[in-house]
Amino acid sequence: MAAMAALRALRLRLPRSPGPGPARRLSTAQEFPSPEEKPQFPGASADFADRLEFIQPNVISGIPVYRVMDRQGHIVNPAEDPQLPKELVLKLYKTMTLLNTMDRILYESQRQGRISFYMTNYGEEGTHVGSAAALDDTDLVFGQYRETGVLMYRGYPLDLFMAQCYGNASDTGKGRQMPVHYGCRDRHFVTISSPLATQIPQAVGAAYAIKRADANRAVICYFGEGAASEGDAHAGFNFAATLECPIIFFCRNNGYAISTPTSEQYRGDGIAARGPGYGLMSIRVDGNDVFAVYNATKEARRRAVAENQPFLIEAMTYRIGHHSTSDDSSAYRSVDEVNYWDKQDHPISRLRHYMLGRGWWDEQEEKGWRKSSRKMVMEAFEQAERKPKPSLQLLFSDVYQEMPPHLRRQRAALEQHLQHYGEHYPLEHFEK
Amino acid sequence: GKDRVFNTPLCEQGIVGFGIGVAVAGATAIAEIQFADYIFPAFDQIVNEAAKYRYRSGDLFNCGSLTIRAPWGCVGHGALYHSQSPEAFFAHCPGIKIVIPRSPLQAKGLLLSCIEDKNPCIFFEPKILYRAAVEQVPVEPYNIPLSQAEVLQTGSDVTLVAWGTQVHVIKEVAAMAQEKLGVSCEVIDLRTILPWDTETVCKSVVKTGRLLISHEAPLTGGFASEISSTVQEECFLNLEAPISRVCGYDTPFPHIFEPFYIPDKWKCY
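Per an unreviewed UniProt entry, the recorded name for chain B is 2-oxoisovalerate dehydrogenase subunit beta, mitochondrial, and the organism is Pelecanus crispus. Its UniProt record gives chain B the following Catalytic activity (unreviewed entry) comment, quoted word for word: "N(6)-[(R)-lipoyl]-L-lysyl-[protein] + 3-methyl-2-oxobutanoate + H(+) = N(6)-[(R)-S(8)-2-methylpropanoyldihydrolipoyl]-L-lysyl-[protein] + CO2". Per its UniProt entry, chain B bears the Subcellular location (unreviewed entry) comment "Mitochondrion matrix".

This is how it looks when you write it as structure tokens:
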């Protein structure tokens, strides 16, 4: 049909140059002007059409969802089985479950007034570990705020997760941000910031710099389907394609942006369908299938670096928990809906079924691990509670690399103020 | 080469966001916005991201090697969207530096300092000076320090403070005042708007007892208000007269009315 031909014509591109190198511009093979009856517009390289026909946005039969395992953890197509070794699969499972345990304890701690705020990752653990396992350790990660499992997979210790949430003196972020705004330079995880989608064009710039440095590193940029509506997302996709950056855009489509369901977030076929519009290689995957997430990320990473082009992965999943401790999602969705995903299609259960099937796990190991992982989390939690908060000096530093005179004066003013009115402030909790 | 100096898609939020990312990855980024009037789509990236990168990460990450450049100020016919001086919007944002040169010689030294500075900088370039200003500029690199105002001419009766194009206006005003009124003016080019050199300005006002600040940007909330407020706090007992601000009117920058809008030498005089 004319619509399909038009779409095929859109995909006609020159192949990209392999390996790092200067950005190449699209060059026309024919001389200008050409004697053929073809459009000569610089803006598009398609044929003429002489029948009026609008392209139908293909929402009904959209981009298919790539999966490796079914909901019972059986491999559907053996050719797609990544055949990950037992050690790696156990690490995937233990990371997801440890995250789940930490989430439960920290969510409760907010409810008890111990920390100010928290965001759980329930249901999306598969998107974190599946992708993290497919990257190189030094690949740079830009996240949004619901990717804690990526950092956990890379070995970020429980102590430091807790320290950040408590804002205590051990927090490498120096107590400046709300809980779950983690960052780790050594593990190449850029510090989280609250504004949505701002990380997207930044990740593209970082990928460009990394490309020029010829570093054999990729950048991965995570965001939700809600953040994908932001202008920064559009900017990032377009820049990545035109500037030929080695980046993976990883969209966690979890069905809700706080209370806004996807039906009110977009009318097209999700986020994956936007990719081709920008010239991005795109795929949609079952985000609750760790192996599918792994395979897609692995291949995207390999090609992004080898071919210097961006990839878009839309991982379909479900946000089982509330948006945050400030949300009560029973106000906008049914308990039945949430239970379906919790009980019938959960990344942790699906991987466990797979492991049980392989004889790599059993009830006893499960019990033992639940006990020991909970103990680890509780220990980290208790010692985080006991630690003091950072020194007040840290309120004023790092605004600039050097401390300017006016901040020195303001810091001195606070010190003076506290000398007279210190009793009205929680000074005893803070390091001197 | 084309991989170092290149076009991007037309998207200021993308340009600045991309520049931040380049800097975070450790490379030097110089992001150009075509006119300062178009910097606003990038406001979120500048204020919420670039300015706060180091602080919020506990110094684990920063985008200090980012410099944003944009043509700034009136040009004779620019009207609403090719004449703006938006420094006041950004002066309210801890974590960035704002620098405005008055001449080619100053521009080179200040720009190089911005590029080398380990904090994200916005460098506003008075566009009217692109073609109007001619100066002997050394070929080799040199730096002019940031956050240091320059006293162009010492005086005893009144301190005049401005930046960018307006420095040339107040220099003329100083000459007029000397010739026609016998008034001795101390002329200061602020150069860096944030963090600004309070010491030089206050020291001058302590000496003269009078201050006039002038900028093209609208009066209300303009950067002159910050200078005025700080000076009256620090130099209250030395002031002989209220601090005067001669600025653009509180209207969008008009086209045909530009000659009446701008704070010219007659208004300062």
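Regarding unusual backbone geometry
In this structure, Pro195(B) follows Leu194(B) across a cis peptide bond, with omega equal to -15°. Its identity is not glycine, yet Asn308(A) carries a phi of approximately 50°, on the positive side. In this structure, Asn308(A) sits in the loop between helix 9 (290-307) and strand 7 (311-316). Residue classification places Asn308(A) among the buried residues on the basis of a relative accessible area of 5%.

Thoughts on the domain arrangement of chain B
Residues and elements named next belong to chain B. By the assigned domains, chain B splits into domain 1 (12-129) and domain 2 (150-267). Look at where the C-alpha atoms of domain 1 and domain 2 centre, and you get two points 24 Å apart. Residue-level contacts link 28 residues of domain 1 with 24 residues of domain 2. Run the count over domain 1 and domain 2 and you get 2 salt bridges. Glu150 is the salt-bridge partner of Arg102, the closest N and O atoms lying 3.2 Å from each other. Here domain 1 and domain 2 share 13 residue pairs in polar contact (both at pLDDT 80 or more) between them. For the side of domain 1 that touches domain 2, the secondary-structure elements that each account for two or more residues are helix 4 (87-91), strand 3 (97-99), helix 5 (104-116) and helix 6 (128-132). Considering every element that reaches the side of domain 1 that touches domain 2, the biggest residue donor is helix 4, with 4 residues. Classifying every residue of the side of domain 1 that touches domain 2 by side-chain character gives 18 nonpolar, 7 polar and 3 charged.

Examining the nonpolar core
Among the nonpolar cores identified, the biggest contains 92 residues, and Phe249(A) and Ile227(B) are the most heavily contacted of them. Sorting elements by how many residues they give to this core places helix 6 (residues 199-212) of chain A first, with 8 residues. Residue-level mapping places this core at the junction of two domains, with at least three residues from each of domain 1 (12-129) and domain 2 (150-267) of chain B. Sequence-distant contacts of Ile227(B), that is, excluding residues within four places in its chain, are made with Val161(B), Trp163(B), Leu190(B), Trp196(B), Val201(B), Leu211(B) and Ile213(B). Grouped together as the second largest cluster of nonpolar side chains are 73 residues, Met119(A), Phe161(A), Met162(A) and Tyr294(A) included.

Remarks on the environment of Met316(A)
All names here are of chain A. Position of Met316 among the secondary structure elements: in strand 7. Between the C-alpha atom of Met316 and that of Asn254, which follows or precedes it by 62 residues, the distance is 6.2 Å. Sequence-distant contacts of Met316, defined by excluding residues within four places in its chain, comprise Val65, Asn253, Arg284, Val285, Asp286, Gly287 and Asn288.

A closer look at the pairing of strand 7 (residues 185-189) of chain B
Residue and element names in this part refer to chain B. Here strand 7 lies mainly inside the structure; 5 of its 5 residues are buried. With burial as the criterion, each face of strand 7 is covered, one bearing Cys185, Val187 and Asp189 and the other bearing Glu186 and Ile188. Examined bridge by bridge, strand 5 (residues 150-153) and strand 7 share 3 bridges and lie antiparallel to one another. Across the sheet, the residue bridging to Val151 is Ile188, located in strand 7. Alignment of strand 6 (residues 158-162) against strand 7, held across 5 bridges, turns out to be parallel.

Some points on the pairing of strand 6 (residues 281-286) of chain A
All names here are of chain A. Looking at chain direction, strand 6 and strand 7 are connected through 6 bridges and run parallel. Paired with Asp286 across the bridge in strand 7 is Met316. Chirality of the crossover, the property in question, places the unit of strand 6, helix 9 and strand 7 among those that are right-handed.

What about the interface of chain A and chain B?
On the chain B side, the residues contacting the 45 residues of chain A number 43 residues. Taking both partners together, chain A and chain B bury about 3600 Å²; carbon and sulfur atoms supply 61% of that area. When residues of chain A are sorted by the area they lose upon contact with chain B, Gln202(A), Phe239(A) and Tyr400(A) head the list and together hold 18% of the total. Seen at the junction of chain A and chain B, the total is 2 salt bridges. Across the pair Arg212(A) and Asp3(B) runs a salt bridge whose closest N-O atoms are separated by 2.8 Å.

What to know about helix 9 of chain A
Residue and element names in this part refer to chain A. Along its 18 residues, helix 9 runs 25 Å from first to last C-alpha, staying within 8% of the 26 Å computed at 1.5 Å per residue. Along helix 9, the residues classified as buried are Val290, Phe291, Ala292, Val293, Tyr294, Asn295, Ala296, Thr297, Ala300, Arg301, Ala304 and Val305. For helix 9, the side-chain oxygen to backbone nitrogen distance between the N-cap and Phe291 is 3.0 Å, and the N-cap itself is Asp289. Asn308 occupies a position one or two residues after helix 9 and carries a positive phi of about 50°.

Cut-offs and rules
- In this numbering scheme, every chain counts its residues from 1 along its sequence in written order.
- Here the convention is simple: chains get letters from A, ligands get numbers from 1, in the order in which they are written.
- Owing to the predicted nature of the model, reporting of local features is limited to residues with pLDDT of at least 70; listing and counting of side-chain atom pairs is limited to 80 or more, with chain, interface and lining totals taken over all residues.
- Each side-chain value is derived from all of the structure's non-hydrogen atoms; neither hydrogens nor water enter the calculation.
- UniProt positions are given in the numbering used here, feature names are shortened, and annotations may be inferred rather than shown by experiment.
- Think of it this way: any DSSP run of H or I at least four residues long counts as a helix, any run of E at least two long counts as a strand, and we number them from the N terminus.
- Summary of the burial criterion: residues with accessible area below 20% of their type's maximum are buried, those above 50% are exposed, and those between are partly exposed, where the area comes from a 1.4 Å probe applied to protein chains only.
- For the domain bounds, the source is a domain assignment made automatically or taken from a database.
- Working rule for contacts: check all heavy atoms of both residues, and any pair within 4.5 Å makes them a contact.
- What makes a salt bridge here is a side-chain nitrogen of Lys or Arg within 4 Å of a carboxyl oxygen of Asp or Glu, nothing more.
- Counted as a polar contact is a pair of N or O atoms within 3.5 Å, where, for protein atoms, one must be capable of donating a hydrogen and the other of accepting one, and residues adjacent in sequence contribute only when both atoms are in side chains.
- Amino acid classes used here: Ala, Val, Leu, Ile, Met, Phe, Trp, Tyr, Cys and Pro are nonpolar; Asp, Glu, Lys and Arg are charged; the rest, including Gly, are polar.
- As used here, the term nonpolar core means buried Ala, Val, Leu, Ile, Met, Phe, Trp, Tyr and Cys residues forming a set that is joined through side-chain atoms within 4.5 Å.
- Criterion used throughout: strands pair if DSSP finds at least two bridges between them.
- Seen with its strands pointing away from the viewer, a crossover is right-handed if its path from the first strand over the helix to the second goes clockwise.
- Two parts placed together each lose some accessible area under a 1.4 Å probe, and the buried area is that loss summed for both.
- Every helix has an expected span of 1.5 Å times one less than the residues it contains.

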